[in-house]
Amino acid sequence: MDTALIDAGTSPTQPLPAEALTRLRNLLLQELSVQTDQAEEQGRTVAELRTDPDTAIGQFEVDWELAEVMVGWSEEAIEDIEHALARLEDGSYGRCEQCPRPIPLERLEAIPHARFCVPCQARQDAMR
Ligand SMILES: [Zn+2]
């Protein structure tokens, strides 16, 4: 386990410099804690609105649905971030999951949990 951590930055298959990986790892960890807090908060809101049926009408019903949607977003984001962190550990981070191309560093800095390069992401989005 310890050797895997050390090798991740120096592995020849890893296209990104070690200092970029460190920076991206920090971004991911930061984002993970933000999303985890958000999911917890939204989860509490959903639970509160659910246990009090009198408030789950009109405006509150809309809020309840919105809160549930936001929990879904946070959970999706957490999944993506955890996936990215796992790929950082095994050294496959920074490569597209669809094709052998590396994901450009500027894309990773904008979206550290990006799974695909830009053309593959466009194809994924078009398929939805
Ligand atoms: Zn690709």
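Everything in this summary refers to the structure shown in the same document. The shown structure was predicted, so the numbers you read here are calculated from the model rather than taken from an experiment.

1. Some points on the coordination of the zinc ion
- Within the protein, C96 (SG), C99 (SG), C117 (SG) and C120 (SG) serve as the donor atoms for the zinc ion, at 2.2 to 2.3 Å.
- One can describe the site at the zinc ion as tetrahedral: its four donor atoms subtend angles covering 105 to 113 degrees at the metal.
- Read in sequence order, the donor residues coordinating the zinc ion give the pattern C-x2-C-x17-C-x2-C. For the pair C117 and C120, one class covers both residues: buried.

2. Section: the layout of surface pockets
- Here the largest pocket defines a volume of roughly 450 Å³.
- Taken together, 19 residues make up the lining of the largest pocket; nearest its centre are E76, D80, H113, Q121 and R128.
- Contributing elements (two or more residues each) for the lining of the largest pocket: α2 (18–51), α3 (59–90) and α5 (118–127).
- Per element, the largest residue contribution to the lining of the largest pocket is five residues, and it comes from α3.

3. Digging into the nonpolar core
- Among the nonpolar cores identified, the biggest contains 20 residues, and L28, Y93, C96 and L108 are the most heavily contacted of them.
- Elements with a contribution of two residues or more to this core: α2 and α3.
- Those residues within four positions of L108 in sequence are excluded, and the remaining contacts are L16, L24, Y93, G94, I103 and A114.

4. Description of the side chain of R87
- Structurally, R87 is set in helix α3.
- From its side chain, R87 meets the backbone oxygen of R95 in a polar contact 2.8 Å long.

5. Some words on the environment of A47
- Checked against the element boundaries, A47 lands in helix α2.
- Take A47: its relative accessible area is 40%, and that puts it in the partly exposed class.

6. Section: the side chain of Q124
- With respect to the element layout, Q124 can be found in helix α5.
- Excluding its chain neighbours within four sequence positions, the residues that come into contact with Q124 are Q98 and F116.

7. Some details on the pattern of salt bridges
- Throughout the structure, instances matching the rule amount to five salt bridges.
- Here E109 makes a salt bridge to R23, at a shortest N to O gap of 2.1 Å. Separated by 86 residues along the polypeptide, E109 in helix α4 (residues 105–110) and R23 in helix α2 bring together distant segments of the chain.
- Given a relative accessible area of 35%, E109 falls into the partly exposed group.
- Between D80 and R115 there is a salt bridge whose closest N-O contact spans 3.2 Å. Here the residue D80 occupies a position in helix α3, and R115 occupies one in the loop between α4 and α5, the gap between them amounting to 35 residues.
- For D80, a relative accessible area of 22% gives the class partly exposed.
- Overlapping salt bridges bring together E19, R23 and E109 as one network.

Conventions used here
Residues numbered from 1 in each chain as written. Predicted model: local features only at pLDDT ≥ 70, side-chain atom pairs only at ≥ 80, totals over all residues. Heavy atoms only, no water. Donors = N, O, S within 2.8 Å, 3.2 Å for Na, K, Ca; no water. Tetrahedral: all angles 85-135°; square planar, octahedral: opposite > 155°, others 65-115°. Buried < 20%, exposed > 50% of the residue type's maximum accessible area, 1.4 Å probe, protein only. 1 Å grid on protein atoms, 1.4 Å probe; cavity = no way out; pocket = protein on both sides within 12 Å on 5 of 7 lines; lining within 4 Å. Points joined across faces, edges and corners; volume = space filled by probe spheres on them. Helix = DSSP H or I, 4+ residues; strand = E, 2+ residues; numbered from the N terminus. Core = buried A, V, L, I, M, F, W, Y, C linked by side-chain atoms within 4.5 Å. Contact = heavy atoms within 4.5 Å. Polar contact = N/O pair within 3.5 Å; in protein donor to acceptor, adjacent residues only side chain to side chain. Salt bridge = Lys/Arg side-chain N within 4 Å of Asp/Glu carboxyl O.

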